Amino acid sequence: MNHTLLRFAFTFAGSLAALLALSTGSPGHADEGSDKLPPPNILWLTSEDNGPQLGCYGDAYADTPHIDELAARSLRYKMCWSNAPVCAPARTTIISGMYATSLGGENMRSSVALPTDIKLYPRVLREAGYYCTNNSKTDYNFTQADSDAGWNESGGKAHWKNRPDKSTPFFSVFNYTISHESKIRNQPHTLVHDPANAPLPSYHPDTPEVRRDWAQYYDRLTEMDTQVGRALDQIEKAGLTDSTIIFYYGDHGSGMPRSKRWPLNSGLQVPLVVHVPEAYRHLAPADYAPGGMTDRLVSFVDLAPTAITLAGSRPPQNMQGVPFMGKFDGQPKKHLFGYRGRMDERIEMVRSCTDGRFVYLRHFYPDRPYLKHVAYMFETPTTRIWKDLFDAGELNEAQARFWKTKPVEDLFDLQTDPDEVNNLASSPEHQEKLAELRNATKQWMRSTRDLGLLTEAEMHLRTKEVAPRTYALSDEFDVDGLVSAAWQASDAWQVCNAEVVGNMTQLCKSDDSGVRYWGARGLALGLEAHRDSLPAETATAATQLLVSLLEDSNPSVRLAAVDGLMRVEDEQLQAAATKVLMRLADQPRDGYYIGIAALNVVDANRESVQVTSGQTLEAIKGKHDNAPKRGGDYVDRLLQTLRE
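Presented here is a report on the structure given in the accompanying data block.

Procedures and definitions
Counting starts from 1 at the beginning of each chain's written sequence and moves along it residue by residue. A pLDDT threshold of at least 70 governs which residues receive local features in this predicted model, and a stricter bar of 80 or more applies before side-chain atom pairs are shown or counted, although totals over entire chains, interfaces and linings include all residues. The basis for every side-chain value is the complete set of heavy atoms in the structure, and neither hydrogens nor water enter the calculation. Secondary structure is summarised from DSSP: a helix means a run of H or I of at least four residues, a strand means a run of E of at least two, and numbering begins at the N terminus for each. Computation of the radius of gyration draws on C-alpha atoms, with the globule rule given as 2.2 Å multiplied by the number of residues to the power 0.38. A 1.4 Å probe rolled over the protein chains alone gives each residue an accessible area, and that area as a share of the maximum for its type sets the label: buried under 20%, exposed over 50%, partly exposed in between. Residue contacts are defined here by distance: any two heavy atoms, one from each residue, within 4.5 Å place the two residues in contact. Each accessible area is a Shrake-Rupley result for a 1.4 Å probe, and residues are judged covered by the shown protein chains and nothing else. Working convention for charge: Lys and Arg count positive, Asp and Glu count negative, and His plus the chain ends are omitted. Every charge is mapped onto a representative atom, which is NZ of Lys, CZ of Arg, CG of Asp or CD of Glu. By disulfide we mean two sulfur atoms from cysteines, separated by a distance within 2.5 Å. Here a cavity denotes a set of grid points, spaced 1 Å apart and computed over the protein atoms alone, in which a 1.4 Å probe fits but from which it cannot get out, and a pocket denotes an open set meeting protein on both sides within 12 Å along at least five of seven lines; residues with an atom within 4 Å of a point are reported as lining. Grid points are joined across faces, edges and corners, and a volume is the space filled by probe spheres set on the points. Under the scheme applied, nonpolar residues are Ala, Val, Leu, Ile, Met, Phe, Trp, Tyr, Cys and Pro; charged residues are Asp, Glu, Lys and Arg; polar residues are all the others, including Gly. Ring geometry is summarised as follows: Phe, Tyr and Trp rings, the Trp one being its six-membered ring, pair when their centres sit within 6.5 Å, and such pairs are stacked at plane angles under 30 degrees, edge-to-face over 60 and tilted between the two. Over a ring means this: the NZ of a Lys or the CZ of an Arg is within 6 Å of the ring centre and within 35 degrees of the ring normal. Definition of nonpolar core: a set of buried residues of the types Ala, Val, Leu, Ile, Met, Phe, Trp, Tyr and Cys, connected through side-chain atoms within 4.5 Å. Here the rule is simple: two strands pair whenever DSSP picks up at least two bridges between them. Between the N-to-C directions of two axes lies an angle of 0 to 180 degrees, each axis being a line fitted to C-alpha atoms and, for a helix, fitted only over the stretch in contact. Definition used for salt bridges: Asp or Glu carboxyl oxygen within 4 Å of a side-chain nitrogen of Lys or Arg.

1. Observations regarding the overall build of the protein
A tally of regular secondary structure across the protein gives 23 helices and 15 strands. Against the compact-globule benchmark of 26 Å for 644 residues, the protein has a radius of gyration of 25 Å, which places it among compact chains. The C-alpha extent of the protein, read off along each of the three principal axes, is 80 × 55 × 50 Å. Across the 644 residues that make up the protein, the buried fraction comes to 62%. A separation of at least 24 residues holds for 73% of the contacts in the protein among residues at least 6 apart in sequence. As displayed, the protein has an accessible area near 24900 Å², and 49% of this comes from carbon and sulfur atoms. One way to put it: in the protein the 68 positive side-chain charges average out to a point 4 Å from where the 83 negative ones average out.

2. Here we look at the state of the cysteines
Counted under the stated rule, the structure contains zero disulfides. There is no disulfide at Cys56, and the cysteine sulfur nearest it, in Cys80, is 13 Å away. Cys56 gets classed as buried once you look at its relative accessible area, which sits at 2%. In this structure Cys496 is not part of a disulfide, and its nearest cysteine sulfur, from Cys508, lies 12 Å away.

3. Overview of empty space enclosed by the protein
Once rolled over the atoms, a probe with the size of a water molecule shows which space is left empty. Per the stated rule, a full pass over the model turns up four cavities of 30 Å³ or more. Taken as a whole, the largest cavity encloses approximately 330 Å³ of empty space. As for the largest cavity, its lining consists of 28 residues, of which Ile347, Tyr365, Thr455, Glu456 and Tyr517 are closest to the centre. Looking at the lining of the largest cavity, the elements that each hand over two or more residues are helix H12 (456–462), helix H16 (513–530), helix H18 (555–565) and helix H21 (592–604). Among the elements that line the lining of the largest cavity, the one with the most residues is H21, at five residues. Split by residue class, the lining of the largest cavity holds 14 nonpolar, six polar and eight charged. Surrounding the second largest cavity, 16 residues form its lining, Arg91, Ile94, Tyr121, Val173 and Tyr249 being those nearest its centre. For the lining of the second largest cavity, the secondary-structure elements that each account for two or more residues are strand S1 (41–47), helix H3 (87–96) and strand S6 (170–176). Among the elements that line the lining of the second largest cavity, the one with the most residues is H3, at four residues.

4. Observations regarding the packing of aromatic side chains
In total, this model carries 29 aromatic pairs according to the counting rule given. When the ring centre of Phe402 is taken as origin, the NZ or CZ atom of Arg258, which lies over that ring, is 4.7 Å away.

5. Some remarks on the environment of Asn503
Among the structural elements, Asn503 can be located in helix H15 (residues 498–508). In sequence terms Asn503 and Ala485 are 18 residues apart; their C-alpha atoms lie 9.3 Å from each other.

6. Remarks on the nonpolar core
Ranked by internal contacts, the top residues of the largest apolar core, which has 140 residues, are Trp44, Tyr121, Phe171, Phe247 and Leu599. For this core, the element with the most residues is H21, which contributes nine residues. For Leu599, the residues in contact, after removing those within four places along its chain, are Ala585, Leu617, Ile620, Val635, Leu638, Leu639 and Leu642. Membership of the second largest hydrophobic core comes to 59 residues, among which are Met79, Phe170, Trp262 and Leu264.

7. Describing the sheet that holds strand S15 (residues 409–413)
Strand order in this open sheet of four strands is S12-S13-S14-S15, and the pairing throughout is antiparallel. Two strands lie at the open edges of the sheet, namely strand S12 (336–340) and S15, each paired on one side alone. Put simply, the sheet's adjacent strands are angled 15° from each other on average, direction ignored. Here S12 pairs with strand S13 (residues 350–354) via five bridges, running antiparallel. If you follow Arg340 over to S13, its bridge partner there is Val350.

8. Describing the pattern of salt bridges
Counting across every chain of the model gives 49 salt bridges. A salt bridge links Asp480 to Arg446; the shortest N-O distance between them is 3.7 Å. A residue pair is termed long-range when its members are at least 10 positions apart, and Asp480 in helix H14 (residues 479–491) and Arg446 in helix H11 (residues 431–448) qualify at 34 residues. Judged by its relative accessible area of 47%, Asp480 falls in the partly exposed class. Judged by its relative accessible area of 29%, Arg446 falls in the partly exposed class. Through salt bridges with shared partners, a single ionic network connects Glu48, Arg91, Arg109, Lys137, Asp139 and Asp251.

9. Here's the deal with the sheet that holds S1
Taken together, the eight strands give an open sheet; going across it, the order is S5-S4-S6-S1-S7-S9-S2-S10, and neighbouring strands pair in mixed fashion. At either end of the open sheet lies a strand with only one pairing partner, and these are strand S5 (153–154) and strand S10 (292–294). Judged from the two bridges that link them, strand S2 (residues 75–77) and strand S9 (residues 272–275) form a sheet pairing that is antiparallel. Counterpart to Arg76 in the pairing with S9 is Val273.

Geometric values such as these leave the question of function open.
See below:
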């Protein structure tokens, strides 16, 4: 069928299939004889760094005939979130069936231990009799001992064809890297898509560099589509089409800046196409319709429980996702959640939530801009020209806002604002929706025991002898107190008065160093944003409290105090804070993760840091024994940026 006609046929095919489903009985219920069937094979085809920029999702610029053909006989999910907007935390979520934030693994290329009683999904599937292969990416945020995950095979030669006999059901993953961020900027490349016709989001400037990057991205999607077609052809030639449930999905949003690394919908929404052969329709969701589209909200945390359920087993109790197919199909979700922690060398903490239409973001570091200098991201021409135009004052508001500091909360309506540039958080008519998503996010952080409430350095300090998840489940982790403290602290950026300073003062007196950290952060935010409106005695009291915290026993608390004092227009205080700051940046004293955090503070306060032309920075070591094996060069990247 002509590719354009194939796109046009989706609406009719989906509607017809839905009517047939209603007339013949919904899938999801066992048909007569289904218990006699062998377990289905399960094939996952995944592509890197791409959102739903596909023909079957209505993108007229895309050229993806093989995925479009698969979608014409499958079910598309309108809203699937990757939970994290970058590969390692997203894959950590998939492999565990748990939110990476609940494992301490939301930071890019972190290395955390898992509790010994947690089984990752390949091991559960193997226990169910499946031959499990992964070709070829792992990239989990776990310690090396846990990274095996339980595959029969994992690597470039792993394949379902290698199973011991043809009667053994397989679970097989193939991952395509051609659409990765690095492939949309590499040269030489002869463009196939016309950059003049490239659809640009309203937040990107319209320049030749930006148009070329977007055109090359779509070229790579076409190449990826061809690879998906080859995998589907292998299944067909092996006579396995009628016995294999097929998933196709992207691993997070596109590799273009403000998609990848940001837990907006642009960074989290991915295509998800699921094909269920006729014989296994009893395992399909109730709204399954070939060529159809479902509004059911799903995310990566749900993939492992779904695969396990399709295999006929029950997901382990530790898994937090909800199966959306199979015998144990769970209740549809009302909300999906996303998160951002440290991305490469840049410290950040954001939590997001969607109901499928509105997207909510909570910023716990609102004083830092959305887009910061991440060395790897700046290799993309679009990033560089976008920042250059911002520095030159040549961007409109929609384009410029993402290089500026943030509000405490963002609320976007995807129906009227798919590019997420119009913040509705202060809109009177949207306060009920704002409260709904805010409360859902807060409750989710509590219920999953979000370890991101501790700084990365603090988490590692507290979990030297125990897995972070084990610690999070203990009484020592005061999740309610930490959620309350983090929320109050970030609110100080928006509203700060004598009462707020009093509340932050109480937090700073807590026996819990994590709570003290947020108290110091709140004082820093309040002083910067509201110094002119604060009574002089209130500002002085807040400043003196931060001075006292320079001698706190906890390095993260000391650093939060430094960050606040660097913003006070007092050279003597800045000098004292700088002295503490440079000690914290010297990794052998307090460790690798404090070193990264300290250099982020140096960068955020360059004009105030009392150092001479980088000489002090030259003494800072870029290596440390407790650096993760992957990502251990992030301090070097920061130092290079600061010395330029």
